[in-house]
Amino acid sequence: MPRGWHTEPMRDLARLPKAHLHLHFTGSMRLSTLADLAARHGIRLPAVLLDDDPLHVPADERGWFRFQRLYDAARACVRGEDDMRRVVAEAVEDDAAEGSGRLEIQVDPTSYAPFVGGLTPALEIVLDAAREASAATGVDVGVVVAASRMRHPLDARTLARLAVRHAGDGPGEVVGFGLSNDERRGDTEAFGAAFAIARRAGLVTVPHGGELLGPAHVEEVLEHLRPDRLGHGVRSAEDPRVLDRVVAEGVALEVCPASNVSLGVYPADQDVPLRALVAAGARVALGADDPLLFRSRLLDQYETARTVHGFDDAELAALARSSIEASRASDDVRARLLRGVDAWLAQEPGLTAAS
Ligand SMILES: [Zn+2]
């Protein structure tokens, strides 16, 4: 695709209604907030965490270790109810500014539980903050409870039961159950029981898979966890048979291009197989994953689709539509956002930016 081919006026992507389905609680934090919380709690942060440069690591164990170490350092700055509420409120404010009308934010309440008296209060605080933020911004916020591959599968079951108790499709309710952390760790099959609990209760199932590992692991996740959506799943593009299966089973892919490049999965933006996935018929929802570390938010993913992958406005609108359709927003929210996408596309280019 030739560079600089967008000479005509363009529609403002910040005004394109979209759903944000892959954002982690800690990873959503503003850099300024991280610095502020660290100072407040007397925590010395690794200098690289406060740099303006995005994280860039090789896609191996060592790279992941660096990522995880920085992530843990950031997480350690969130110590109690006020901090937790602030993280949620700011994540939603930032999403609102980028045209997100539906956010499904992932949280593993385990790390915050010690500060607030247990897992249940930790989740309740996030849900309550999500409800308040929904009312304040108009972004409809659902919560995904995510278990970690680094812990025992029984912990995942405990979290799945907790998630089920708070299930609902209204703002500040639990919509889904996920599984995060290093994809190469833990036995995928052993987490099947936790996912069965979530699925029976009608939660959307959204494990990570197909980012650090290839199509064979995508199949393993499909087999044992029966996901509605895959966190990433981009590497199913490496095997047409697996990609066909993803498409045939209607599994949506939460594609986070900046994350893929930061974690060394692909050398550069243009290597992310966004075009191939969309062309194969995959339902794609662009997400930011951990903007704190990747220095790239939701809007940046759409900008990359436009400038690097050459998506035109109709194709960008289709991406937004697909994110909304893959969300667990209630029927009325979904219908409102989809109408907004149509209205965005119906407007004359160039007229939206200044209005
Ligand atoms: Zn993620």
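Just above, that's the structure.
Description of the structure in this document. (Residues numbered from 1 in each chain as written. Predicted model: local features only at pLDDT ≥ 70, side-chain atom pairs only at ≥ 80, totals over all residues.)

1. Side note on the sheet that holds strand S7 (residues 252–255)
Note the following rule: Only when DSSP finds a minimum of two bridges between them are two strands counted as paired. Helix and strand assignments follow DSSP, with helices taken as H or I runs no shorter than four residues and strands as E runs no shorter than two, numbered in order from the N terminus. The axes used here are C-alpha line fits, helices contributing only the stretch in contact, and every angle between their N-to-C directions lies in the interval 0 to 180 degrees.
Here we have 8 strands laid out as an open sheet, ordered S1-S2-S3-S4-S5-S6-S7-S8, and parallel in their pairing. Each end of this open sheet is capped by a strand with a single partner; those strands are strand S1 (18–24) and strand S8 (284–286). Taking the axes of each pair of neighbouring strands and ignoring which way they run, one obtains an average angle of 25° across the sheet. Here 3 bridges tie S7 to S8, and the two strands are oriented parallel to one another. Paired with leucine 253 across the bridge in S8 is valine 284.

2. Re unusual backbone geometry
How we decide: For every residue, the other C-beta atoms within 10 Å of its own C-beta are counted; 20 or more classify it as buried, 12 or fewer as exposed, and values in between as partly exposed. C-beta atoms are placed from the backbone.
The residue asparagine 181 is not glycine, and still its phi comes out positive at about 80°. A tally of 18 C-beta atoms within 10 Å means that asparagine 181 is categorised as partly exposed. Even without glycine at this site, arginine 295 takes up a positive phi of about 55°. Note on arginine 295: 17 C-beta atoms within 10 Å, which makes it partly exposed.

3. Concerning the nonpolar core
Rules: Here a nonpolar core is just a set of buried residues of the types Ala, Val, Leu, Ile, Met, Phe, Trp, Tyr and Cys, joined wherever their C-beta atoms sit within 7 Å. Residues are scored as being in contact if the C-beta atoms we place from backbone atoms lie within 7 Å.
In this structure, Ile105, Val126, Val143 and Val145 are the most contacted members of the largest nonpolar core, which totals 103 residues. Looking at which element gives the most residues to this core, the answer is helix H6 (residues 119–137), with 8 residues. Setting aside residues no more than four positions away along its own chain, valine 143 makes contact with Ile105, Val107, Val126, Leu127, Ala130, Val174 and Val175.

4. Brief notes about helix H7 (residues 153–165)
To be explicit about the condition: Between the first and last residue of a helix there are one fewer steps than residues, each counted as 1.5 Å, and that sum is the expected span. Arc, as used here, means the arc of the directions from the helix axis to the C-beta atoms.
Relative to the 18 Å expected for 13 residues at 1.5 Å per residue, H7 spans 19 Å between its end C-alpha atoms, a close match to the ideal helical length. When we look at burial in H7, the residues that qualify are Ala156, Leu159, Ala160 and Ala163. Along the axis of H7, the buried positions cluster into a sector of 105°, meaning they face one direction only. Across from the buried face of H7, at angles greater than 90 degrees, the exposed residues are Leu154 and Arg165. Turning to H7, the residues buried within the fold contact strand S3 (140–148), strand S4 (174–180) and helix H8 (192–200).

5. Considerations on the environment of leucine 16
Checked against the element boundaries, leucine 16 lands in the segment before S1. Taking the C-beta count within 10 Å as the criterion, leucine 16 has 25 such neighbours and is therefore assigned buried. Once the C-alpha coordinates of leucine 16 and tyrosine 302 are considered, the two residues, 286 residues apart in sequence, prove to be 9.7 Å apart.

6. Quick word on the environment of glycine 281
Within the secondary structure layout, glycine 281 lies in the loop between helix H12 (274–279) and S8. Judged by local crowding, glycine 281 falls into the exposed class, with 11 C-beta atoms found within 10 Å. For the pair glycine 281 and proline 171, spaced 110 residues apart in the sequence, the C-alpha separation amounts to 30 Å.

7. Observations regarding helix H9 (residues 215–225)
Of the positions making up H9, those classed as buried are Pro215, His217, Val218, Val221, Leu222 and Leu225. The arc that holds the buried residues of H9, viewed along the axis, is 160°, so those residues lie on one side. Residues of H9 that are exposed and angled more than 90 degrees away from the buried face: Ala216 and Glu223. Buried residues along H9 sit against H8, strand S5 (204–209), strand S6 (229–232) and helix H10 (240–248). Looking one or two residues past H9, arginine 226 carries a phi angle of roughly 45°, positive in sign.

8. Some thoughts on the packing of helix H15 (residues 313–326) against helix H16 (residues 331–346)
The packing of two helices is summarised by the inter-axis angle and the distance between the axes. Condition: For classification, angles of less than 35 degrees are called roughly parallel, those exceeding 145 degrees roughly antiparallel, those between 65 and 115 degrees roughly perpendicular, and all remaining angles oblique. Under this grouping Gly is polar, as are all residues other than the nonpolar Ala, Val, Leu, Ile, Met, Phe, Trp, Tyr, Cys and Pro and the charged Asp, Glu, Lys and Arg.
Close contact between H15 and H16 brings their axes to 10 Å; oriented N to C, the two are set at 175°. In terms of their interaxial angle, H15 and H16 are classed as roughly antiparallel. Contacts between H15 and H16 pair Asp313, Ala314, Ala317, Ala320, Arg321 and Ile324 from the former with Arg334, Leu337, Leu338, Val341, Trp344 and Leu345 from the latter. Along the lines of polarity and charge, the residues of the contact of H15 with H16 split into 9 nonpolar, no polar and 3 charged.

9. Topic: the environment of alanine 59
Along the polypeptide, alanine 59 turns up in the loop between helix H2 (47–50) and helix H3 (61–75). Separated by 273 residues in the primary sequence, alanine 59 and aspartate 332 have C-alpha atoms spaced 41 Å apart. Here alanine 59 is in contact with Leu212, Leu263, Gly264 and Val265, once residues within four sequence places are set aside.

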